[in-house]
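Descriptive structure summary
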Amino acid sequence: LAGTIIPAAWNYAESVLRIPLNFSLAKDEEYTLEWDMVNGLADQKSPNITVSATGEHFGITLTPVDKPGGNANPLKIVGWLRKTIAQSTTNSGAANTLTVTISLSGTLATGTDIAISGLMGVTTPAGALALSFPAAGSPTAGAVFGGSAAWDDAAGTVTLTLAAAAVEDAVYVLAFTLANRVLGQTSQAVSVAAAGVVSVRRARMDSPPGNAQPLGIAGFEMANVSQSTPSAGAVNTFTLSLATFSSLRVSEGATVTLQGLVGAATPSGTLAIRGVLSGDGVTGVEAVRVLGTSALWSAASGSLVITIRADSAAGVEYRLQFDLRNPTVGQESPALQIWSSGTVSARRDVERGSGNQAPLLVAFFQTGKIGQSTASQRADNTISVNLGFRTALEPGTLITITGLTGSVTSSTSSLPVSAATPFSPRASWARDAGVLVFTVLSQTAANATYELRVVLRNPAAGQVSPAARVTSSGVTMAQLLLTTAAGNARPLLVAGFTSKGMNQPEGMSDAYAQAFNVFTPRDNLLTLTFTTTSSLLAGSTVIIDNLAGSALPSTATLPVSCAPAGMAGTAAWEQAGGELR
């Protein structure tokens, strides 16, 4: 019967193989039957296999088969009984000892490669890694695994080549050291597989909870700071939201440092902090349990140091608030960094709130200019104000211009404003105080300039341009001295004479001079000296009235000299009215 092929029936659902006999089998004769099967994907122990026989007037009941033991047991698929990995530290950039514990359901022969993969986020270059064997491990581990392993940094794989057979059910403990990278990261998904005479399929390795998970490196998964107000000099509430890749441990003396809050007016000392509900649902009570109720504030460096009071949870957002006073002068939002000590992490840039919520962005006037349309007395004068704001201004903010003295326009709460959007089309005007107030109706844009125009009537007398300043309330900004337009466009500069002297030579005071007893008219040189509050523009006319009693006949070309030069060389003289133009 040797070599005879017998067709058999395989029932996968019942796991039963039926072999028909077309001939008789002799008593006490040994027969060997062989067939091929495909191992399953999952490891398993050898199942409880039985053999039986049936026939006409004949039957053998189910009888367990005998097995040789070890890897030769039928349908045994070798797998991992234990496959754990743990690390010694989460510290950024630190030497990290990874401890591996493995045990198998079968024996792996000498020369088998065990590959531990997924060890990403380290800076150790490729090469041989020294192996160590903790005292708690199997005393034979050193003989089985030898003294070193091969490290592939690009693939993140440690390959252990067996120097001796790894025995079924034996527990082996070994360790090797890799250098953590500087940047934080979540723990890595590490797997193990074996390739050799017997191969073991790849499986995800187990790891203990918390910071022992492999290659979880301390760092900030997220860090964000926002503020409640950009107003200069105001008490400002800051909200810090943070989440870390690993737990911040009390046993390691962990602290969190937020640095860069420069410019705040709050003096150094202990600062109260309070927890608030986070986006992950962590309550304020839990936040202060972990982060405490106070922190150490240094005004010089703009640093807030928080000491961890209870171990934090990795990957969970905590949110807290604290108050600082804004400086009284405007400033840009400074760059912030955050890091942890004890549980050591690298510095990380902090994300800042947008717009007015950017931390320690303090509102200020980027530009402030003022001018007018005319310097003429008694004229309706268009006052133009150009203002630029670093931050957005909220509805209800008041912009106050002071120093606009001299106008004769009556006080009113509804002075028309031109080009007002997003400001109210009516302003408040106080004549005696010279105060003009604009109201913001809808939010302004940050880093935008707006022009506001009102009409005020100039007085009947000349005056120099007063100094105008601008302040705000609602969103408070430091007072700014407005830049004035040049020349006659300076605000509320009203044309007038600041000095006006006129004389003639003393010898000309006689009505007539006598010469040889004959009355003879005598020429008289008149001199007018003056200064004005404003420039006299080309085309202007200086009029001198009531030059009565002169015998000089009217003329359109009376010679006139001017020092310094600036007027025409002749003037129009009207004798009857005594007027010189």
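Look a little higher up for the structure.
Residues numbered from 1 in each chain as written. Predicted model: local features only at pLDDT ≥ 70, side-chain atom pairs only at ≥ 80, totals over all residues. Heavy atoms only, no water.

1. A short note on unusual backbone geometry
Definition in use: The helix and strand labels rest on DSSP assignments: H or I over at least four residues marks a helix, E over at least two residues marks a strand, and numbering proceeds from the N terminus. Relative accessibility thresholds used throughout: buried, under 20% of the residue-type maximum; exposed, over 50%; partly exposed, between the two (1.4 Å probe, protein chains only).
Of note, the amide linkage connecting A563 to P564 takes the cis form, showing an omega dihedral of -5 degrees. Along the chain, P564 turns up in the loop between strand 39 (555-559) and strand 40 (570-574). For D28, which is not glycine, the phi torsion reads 65 degrees and is therefore positive. Mapped onto the elements, D28 comes out in the loop between strand 2 (16-18) and strand 3 (50-55). Residue class for D28 comes out exposed when judged on its relative accessible area of 75%. The phi torsion at N447 lies on the positive side, around 55 degrees, for a residue other than glycine. Along the polypeptide, N447 turns up in the loop between strand 30 (435-439) and strand 31 (448-457). A relative accessible area of 47% means that N447 is categorised as partly exposed.

2. Some points on the sheet that holds strand 17 (residues 269-272)
Backbone hydrogen bonds are what pair the strands of a sheet, in a parallel or an antiparallel way. Quick note on the threshold: At least two DSSP bridges between two strands are needed for those strands to be called paired.
Here six strands make up an open sheet; going across it, the order is 17-19-20-16-22-23 and the pairing antiparallel. Bordering the open sheet on either side are strand 17 and strand 23 (348-349), each of which pairs with just one other strand. Taken together, the five bridges between strand 16 (residues 255-259) and strand 22 (residues 337-341) define a ladder with antiparallel strand orientation. Paired with V256 across the bridge in strand 22 is S340.

3. Remarks on the layout of surface pockets
Counted only if it meets this: Definitions used for this entry: grid spacing 1 Å over protein atoms alone; cavity, a set of points where a 1.4 Å probe fits but cannot get out; pocket, an open set with protein on both sides within 12 Å along at least 5 of 7 lines; lining residue, one with an atom within 4 Å of a point. Grid points are joined across faces, edges and corners, and a volume is the space filled by probe spheres set on the points. Note that Gly is not counted as nonpolar here; it falls among the polar residues with everything else outside the nonpolar set of Ala, Val, Leu, Ile, Met, Phe, Trp, Tyr, Cys and Pro and the charged set of Asp, Glu, Lys and Arg.
In this model, the largest pocket occupies a volume close to 2,600 Å³. Around the largest pocket sit 50 residues that line it, and L17, I19, L33, W35 and V51 are the ones nearest its centre. If one sorts the elements of the lining of the largest pocket by residue count, strand 3 sits on top with six residues. A breakdown of the residues in the lining of the largest pocket according to their chemical character gives 30 nonpolar, 13 polar and seven charged.

4. Thoughts on the sheet that holds strand 27 (residues 398-402)
Overall, antiparallel pairing links the six strands, which are arranged 28-29-30-27-32-33 in an open sheet. Both edges of this open sheet fall to strand 28 (412-416) and strand 33 (480-481), since each of them pairs with a single strand only. In this structure, strand 27 lies alongside strand 30, joined through four bridges in antiparallel fashion. In the sheet register, I399 faces strand 30, and the bridge partner there is F438.

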